[in-house]
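# Understanding the architecture of this molecule
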Amino acid sequence: MGRRDRRRGRTPKQPRRRVPRDWERPGAILKGPPITLTCECGVKRELAYGERWQCESCGRNWDTTRIPAEQYQRIRKLSLRYRVTPVIFGAIITAIGIAFTFTNNVVGVFFLLPFALSSWFVFLRPLHRKRYRAAIQGLPRWELRAD
Ligand SMILES: [Zn+2]
């Protein structure tokens, strides 16, 4: 704590913990997005499909397999489809780069990379995110019952 902070009576800053995003969880991409479950007592927890959870504070049991599997599959496929798009874009750019290299046009690769990156971040990614947000708007919510 610095002198200035002490004089103002501030508490030292807590280092902020980085909250991992849902797609960073192991297996989240192929197994599907996590399900946010809010217990009747207010405790929240993110679970994978098929997981069971007993609430720490009130002891209720929750079972995510009560969500209809076919509905969850639809959500899983939707999120997978939207994650595949940037991968396909990257693969196309890589293929063009390799084609440039094999045709002895290495200078072209140096133009291709900034062109590809800027068109992705300026045009394609905002569009892609907008469409994804619109697509997940219409997804269902479920009311589960504790056991
Ligand atoms: Zn609870």
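Residues numbered from 1 in each chain as written. Predicted model: local features only at pLDDT ≥ 70, side-chain atom pairs only at ≥ 80, totals over all residues.

### What to know about the overall build of the protein
A count of helical and extended segments in the protein gives four helices and four strands. The order of helices and strands in the protein, counted from the N terminus, is α-α-β-β-β-β-α-α. When each of the 147 residues of the protein is scored for burial, the buried share is 1%. Relative to all contacts within the protein whose residues are 6 or more apart in sequence, the contacts with residues 24 or more apart total 33%. (Helix = DSSP H or I, 4+ residues; strand = E, 2+ residues; numbered from the N terminus. Buried ≥ 20, exposed ≤ 12 C-beta atoms within 10 Å, placed from the backbone. Contact = placed C-beta atoms within 7 Å.)

### Side note on helix α3 (residues 69-102)
Along its 34 residues, α3 runs 48 Å from first to last C-alpha, staying within 8% of the 50 Å computed at 1.5 Å per residue. Here α3 lies mainly on the outside; zero of its 34 residues are buried. Taken from the residues just after α3, Asn104 is the one with a positive phi, measuring 60°. (Expected span 1.5 Å × (residues − 1).)

### Details of the pairing of strand β1 (residues 35-38)
Two elements, β1 and strand β2 (residues 44-47), share four bridges in a ladder whose sense is antiparallel. Each bridged residue has a counterpart across the sheet, and for Leu37 the counterpart in β2 is Arg45. Where β1 folds back on β2, the antiparallel hairpin that results is connected by five residues, among which Gly42 adopts a positive phi of roughly 105°. (Pairing = 2+ DSSP bridges.)

### Re unusual backbone geometry
Even without glycine at this site, Asn104 takes up a positive phi of about 60°. By the element assignment, Asn104 lies in the loop between α3 and α4 (106-137).

### Focus: the confidence of the model for the protein
Taken as a whole, the protein shows an average pLDDT of 84; of its residues, 81% reach a score of 70 or greater. For the protein, per-element mean pLDDT is lowest for helix α1 (residues 3-7), which scores 59, and highest for strand β3 (residues 52-54), which scores 93. (pLDDT = per-residue confidence, 0-100.)

### Observations concerning the environment of Pro86
Its place among the elements puts Pro86 in helix α3. Residue classification places Pro86 among the partly exposed positions, given that 13 C-beta atoms sit within 10 Å. Along the chain, Pro86 and Arg125 lie 39 residues apart, while their C-alpha atoms are 8.2 Å from each other.

### Remarks on the packing of α3 against α4
Geometry of a packed helix pair, given as the angle between the helix axes and the separation of the axes. Contact geometry of α3 with α4 gives a least axis separation of 10 Å together with a crossing angle of 170°. It follows that α3 is roughly antiparallel to α4 by the angle criterion. Seen from α3, the contacting residues are Leu78, Tyr82, Thr85, Phe89, Ile93, Ile96, Gly97, Phe100 and Thr101; seen from α4, they are Val106, Gly108, Val109, Leu112, Ala116, Trp120, Leu124, His128, Tyr132 and Ala135. Tallied by class, the residues present in the contact of α3 with α4 amount to 14 nonpolar, five polar and no charged. (Axes fitted to C-alpha atoms, helices over the stretch in contact; angles between N-to-C directions. Parallel < 35°, antiparallel > 145°, perpendicular 65-115°, else oblique. Nonpolar A, V, L, I, M, F, W, Y, C, P; charged D, E, K, R; others polar.)

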